[in-house]
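# Fold and contact review
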Amino acid sequence: MKNKPRFQQNPFQPIPVSVFFFLLFFLHSCTPLKNGGAATGGSSKAQTNASPEVSFIILQINDVYEISPLEKGKVGGMARVATLRKRLLQESPNVLTVLAGDFLNPSLIGTMKLEGKRIKGRQMVEVMDAIGVDVVAFGNHEFDLKEKELQGRLDESKFVWIATNLLQNEGNKLEPFHKNKNGAKYFLPETFTWKVKDKTGENALNVGFYSACINSTKKDYVYYEDPFQEAIKAYLLLKNESDIILGLTHLSIAQDMKMAALLPGTKLIMGGHEHDNSRDTVGNVVITKADANAKTAYVHRFRYNTRTGQLSFTSELVPITDKMPDDAAIKTLVNKWQKIQDDKIAEVVSNPKEVVFHAEVPLDGREKSMRNGQTNLGNIISKSMAAAAKKKVDCAFFNSGSVRLDDQLSGDITAVDFFRAMPFGGGIYEIDLKGNVLKRALDAGIENKGIGGYLQWDDNIEYNAADRSWKIGGSKLDEGKVYHVATSDYLANGNEKGLEFFNPKNFVAWETAKKGDNADLRSDVRKAVVAFLKNK
């Protein structure tokens with residue numbers, strides 16, 4: 001990694017529109033790659049004696065939060081990804097393994113403590129290092145971590161992080177994110193160049209990469225530059241030294257398509273963020289995304305003629321299932337972390353792997369669903385909170401941000417699955433409050449649409465968007481009446497955006513489980529959900 005400046009101008013100022021369009025004109029009017037696409041990276045000996053055709057493979061995964069297989073061991077699992085990588089290495093010595101963002105958070109094990117500190121992605125970095133992951137892009141969930149936690153993961157990692165449109169905000173100073181090594185600070189690169197070897201071992205061609213990260217997770221220590229402007233600048237830096245240019249992004253599919261239109265010389269954009277596999281084309285640019293949690297992986301096989309500059313490639317979506325054996329060494333590492341997780345869960349429920357529910361219709365825990373509307377998973381959690389109450393409640397609700405699954409649960413669902421869905425757990429509060437406070441809280445939840453402060457509720461709550469009115473238990477909400485409700489401890493202590501007023505100072509009365517009373521289902525919402533479903 002080069003410890004080089006990232007900018008010459010004031011980094012708070014975007015590229016002027018006139019300069020931006022000049023760059024686009026320059027980009028589209030010039031030869032996109034060095035020497036018109038012919039390779040120049042190898043020695044004269046290599047280009048004279050070696051075959052002009054060079055092949056290489058890229059293994060792509062994205063949005064991986066779980067190191068163990070899912071759906072009762074049927075799909076996913078990083079030990080199986082390791083097996084696939086070793087098989088590809090038997091095809092070609094030129095294999096690059098990439099992850100297109102989102103892997104440090106969210107996960108159940110990440111919320112647990114080891115040696116007095118939250119794990120927060122430590123398990124992912126250790127497993128990825130052991131597998132031999134080469135290059136990653138940042139995803140928005142990397143910034144769920146506190147700044148010191150993220151720095152710890154950066155320092156532990158052996159792989160390259162590309163940070164094309166990201167800067168670290170150190171007070172009034174912006175600088176690249178970095179790794180600390182032997183007392184020195186090494187800035188993360190804006191671009192990455194892979195030097196692919198021919199059969200003689202000589203450098204035959206250079207494959208350049210740029211990245212881009214969506215700016216959906218706002219943190220004071222992160223400064224997002226414009227992803228398109230920065231990608232264009234990175235492309236221009238790469239084009240004179242690269243035979244092929246690829247994108248490794250964590251953007252929405254619409255943004256990836258815009259990127260492809262802006263940079264038509266990019267051969268392939270390997271993306272993440274959506275969680276469902278897709279393959280799209282914009283002009284001659286291919287855009288691929290694999291399924292989240294390594295349920296599938298994309299294998300891209302390239303062939304490049306160093307004399308003519310002609311490139312061809314295929315993209316194969318490979319299912320990662322129980323038909324693929326585990327790599328023994330990685331499986332041992334995964335089992336170590338799995339035991340840590342299981343031991344912690346067993347402190348809350350006695351049989352973590354017990355099937356507690358069968359979902360014919362998938363339970364929707366995806367962020368885009370839960371933070372914008374009511375879902376069946378949100379309804380189940382709300383009903384579970386109501387059922388755990390000591391006294392019959394008028395309604396139950398909670399903040400959607402407490403669900404961090406960002407996935408759907410289907411088929412046989414175990415207690416562990418609900419712990420994964422709600423990694424932070426937390427207690428349940430029973431509250432007596434005036435109707436005007438309840439209305440204000442529900443209204444604030446509607447205003448929080450699109451973020452974690454949007455509320456999920458049970459069947460006793462009805463909302464009429466036309467006149468912004470509420471019904472509780474089938475009757476119009478009475479602002480003068482005292483209601484008995486169940487909600488999360490996080491919400492009941494004024495921790496949610498726009499709901500800071502929703503705290504014991506504004507309640508008539510409240511109660512929750514006594515400290516240490518683990519038999520009280522109100523002590524942990526996950527325990528309440530498991531008990532509710534087992535009794536259905």
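Residues numbered from 1 in each chain as written. Predicted model: local features only at pLDDT ≥ 70, side-chain atom pairs only at ≥ 80, totals over all residues. Heavy atoms only, no water.

### Details of the overall build of the chain
On a plain count of helices and strands, the chain comes out with 14 helices and 29 strands. The globule rule puts the C-alpha radius of gyration for 536 residues at 24 Å, and the 26 Å found for the chain is close to it. Taken along the three principal axes of its C-alpha coordinates, the chain extends 85 × 55 × 45 Å. In the chain, which comprises 536 residues, the share counted as buried stands at 58%. A separation threshold of at least 6 residues defines the contact pool for the chain, and within that pool the share at least 24 residues apart is 73%. Charge-centre separation for the chain: the mean point of 71 positive side chains lies 3 Å from the mean point of 65 negative side chains. (Helix = DSSP H or I, 4+ residues; strand = E, 2+ residues; numbered from the N terminus. Rg over C-alpha atoms; globule rule 2.2 N^0.38 Å. Buried < 20%, exposed > 50% of the residue type's maximum accessible area, 1.4 Å probe, protein only. Contact = heavy atoms within 4.5 Å. Lys, Arg positive; Asp, Glu negative; His and termini not counted. Charge placed at Lys NZ, Arg CZ, Asp CG, Glu CD.)

### Section: unusual backbone geometry
For the peptide bond that leads from Asn105 to Pro106, omega is 0°, which places it in the cis range. With respect to the helices and strands, the residue Pro106 is situated in the loop between β2 (95-99) and β3 (113-114). Within the chain, Glu115 stands out as a residue other than glycine whose phi angle is a positive 55°. Note that Glu115 resides in the loop between β3 and β4 (117-118). Given a relative accessible area of 68%, Glu115 falls into the exposed group.

### Brief notes about the sheet that holds strand β16 (residues 278-282)
If you walk across this open sheet you meet the six strands as β11-β12-β14-β15-β17-β16, and the pairing is mixed. The sheet is open, and its two borders are formed by β11 (191-197) and β16, each paired with just one other strand. With direction set aside, neighbouring strand axes in the sheet form an average angle of 20°. Pairing between strand β12 (residues 203-213) and strand β14 (residues 244-250): seven bridges, direction parallel. (Pairing = 2+ DSSP bridges. Axes fitted to C-alpha atoms, helices over the stretch in contact; angles between N-to-C directions.)

### Section: helix α7 (residues 253-262)
Those residues of α7 that sit buried are Gln255, Asp256, Met259, Ala260 and Leu262. The buried residues of α7 occupy an angular sector of 165° when the element is viewed end-on, so they sit on one face. (Arc of directions from axis to C-beta.)

### Description of the pairing of strand β23 (residues 428-434)
With six of seven residues buried, β23 lies mostly within the body of the structure. Relative to strand β28 (residues 482-488), β23 is paired through seven bridges, and the arrangement is antiparallel. Residue Ile431 lies in a different strand from β28, and its bridge partner there is Val485.

### Structural notes on the sheet that holds β28
Strands sit in the order β24-β21-β28-β23-β29 across an open sheet of five strands; the sheet is mixed. Each edge of the open sheet carries a strand with a single partner, namely β24 (455-457) and β29 (509-511). Direction aside, neighbouring strands of the sheet carry axes that sit 25° apart on average. Relative to β24, strand β21 (residues 395-399) runs antiparallel, the two being bridged by three bridges. Across the sheet, Asn399 pairs through a bridge with Leu455, a residue of β24. In this fold helix α10 (residues 376-388) packs onto β21, β23, β24 and β28, with an angle of close to 125° to the strand it touches most, β21.

### Regarding the domain arrangement of the chain
By the assigned domains, the chain splits into domain 1 (53-328) and domain 2 (351-534). Each of domain 1 and domain 2 has a C-alpha centre, and the two are 36 Å apart. Between domain 1 and domain 2, the contact holds 15 residues from the first and 12 residues from the second. Carbon and sulfur atoms supply 50% of the area that domain 1 and domain 2 bury against each other, a total of about 1100 Å² over both sides. When the buried area of domain 1 at its contact with domain 2 is split by residue, Lys72, Pro106 and Leu108 rank highest and sum to 37% of it. Across the domain 1-domain 2 interface, the total number found is one salt bridge. With a closest N to O distance of 3.2 Å, Arg420 and Glu66 form a salt bridge. Our count for the contact surface shared by domain 1 and domain 2 stands at three residue pairs in polar contact (both at pLDDT 80 or more). (Domains from an automatic or database assignment. Buried area = accessible area lost by both parts, 1.4 Å probe. Salt bridge = Lys/Arg side-chain N within 4 Å of Asp/Glu carboxyl O. Polar contact = N/O pair within 3.5 Å; in protein donor to acceptor, adjacent residues only side chain to side chain.)

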